[in-house]
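Letter by letter, the chains look like this.
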Amino acid sequence: MAVDIKFSQSYLWLNSWILANIIQLGTQSFCDRFIDYKLDPGRRLYDQMILAARCGVANIAEGTSRYSTSIETEMRLLDVARASIDEVQGDFFNFLLRRKADVWAIGNPCREAIWKIDLDKPDYSNSLLHDAANHILKQKSKYDYWIENDQPDIVANTMLVLCERVNRMLQAQLHSLL
C-alpha cells in the first residue's frame, strides 16, 4: 500500500496553532514579569508553564503533520496539545486563586471582548516561516492590551480565555477527524 506524504506544514494555516503561539508568547511574557523567586523559588512553575504552552504549539504542529500517514497519531497528538493547554490554563487559574483574585465570569466585558476577536486568515507567500511569524505577531497585537497589561490578574484572566478558545478549537478538530 502506497502512502501519499503531504506537505507537512499545513498547521501554519490553523487558527488553533496560531492562537496556541499567542498563548505561548503570552505565557512567556507573563512568567518573565509576574512569576518571581518568592512565588517560585526553584523556577519549577515558571518552567512548567512555559513548557506546557510550548507543548501545545508543538503537538498541534506535529499532529497535523502526521495527517497523511496516521490519523490516529494525529488525533493522539492533538489530544496531547489539548491537555498541555489545559495544564497551562490550570496554572493561570491557580495563580488567580492564590491571589484571591476574581476569575472573569461569562458576561465580563473584557472576557467577552477577548472572546469575540477574530483571527485574520493567513495570506502567506512562498516565504512561509517569515510570513507565519509576522501573521502571529499581528494577531497577537489584537490581544496585547490584555496580554501585555501591567496588572497580573488581567493577564492571567486573558490567558484563561485564550486557553479555553484553543481548547474548543482542538475539540472541534478532533471531532472532525472522528
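Everything numeric in this text was worked out from a predicted model, so none of it was measured. (Residues numbered from 1 in each chain as written. Predicted model: local features only at pLDDT ≥ 70, side-chain atom pairs only at ≥ 80, totals over all residues. Heavy atoms only, no water.)

Caption draft 1: Inspection of the packing of aromatic side chains at higher detail. Scanning all chains against the criterion turns up 6 aromatic pairs. Taken together, a centroid distance of 4.9 Å and an interplanar angle of 70° make the contact between Phe30 and Phe92 edge-to-face. Placement of the pair is Phe30 in helix H1 (residues 15–34) and Phe92 in helix H3 (residues 71–98), with a sequence separation of 62 residues. Of the two residues, Phe30 and Phe92, neither departs from the other in class, the shared state being buried. Cluster of aromatic residues (ring-pair linked, three or more members): Phe30, Phe34, Phe92 and Phe95. Above the plane of the ring of Trp115 lies Arg165, whose end atom (NZ or CZ) is 6.0 Å from the centre. (Phe/Tyr/Trp six-rings, centres within 6.5 Å; stacked < 30°, edge-to-face > 60°. Helix = DSSP H or I, 4+ residues; strand = E, 2+ residues; numbered from the N terminus. Buried < 20%, exposed > 50% of the residue type's maximum accessible area, 1.4 Å probe, protein only. Lys NZ or Arg CZ within 6 Å of the ring centre and 35° of its normal.)

Caption draft 2: Region of interest: unusual backbone geometry. Positive phi, close to 60°, is recorded for Arg43, a residue that is not glycine. If you trace the backbone, Arg43 turns up in the loop between H1 and helix H2 (44–65). We note that Lys100 has phi near 55°; this positive angle belongs to a residue other than glycine. As for its placement among the helices and strands, Lys100 is situated in the loop between H3 and helix H4 (109–116).

By themselves these figures say nothing about function.
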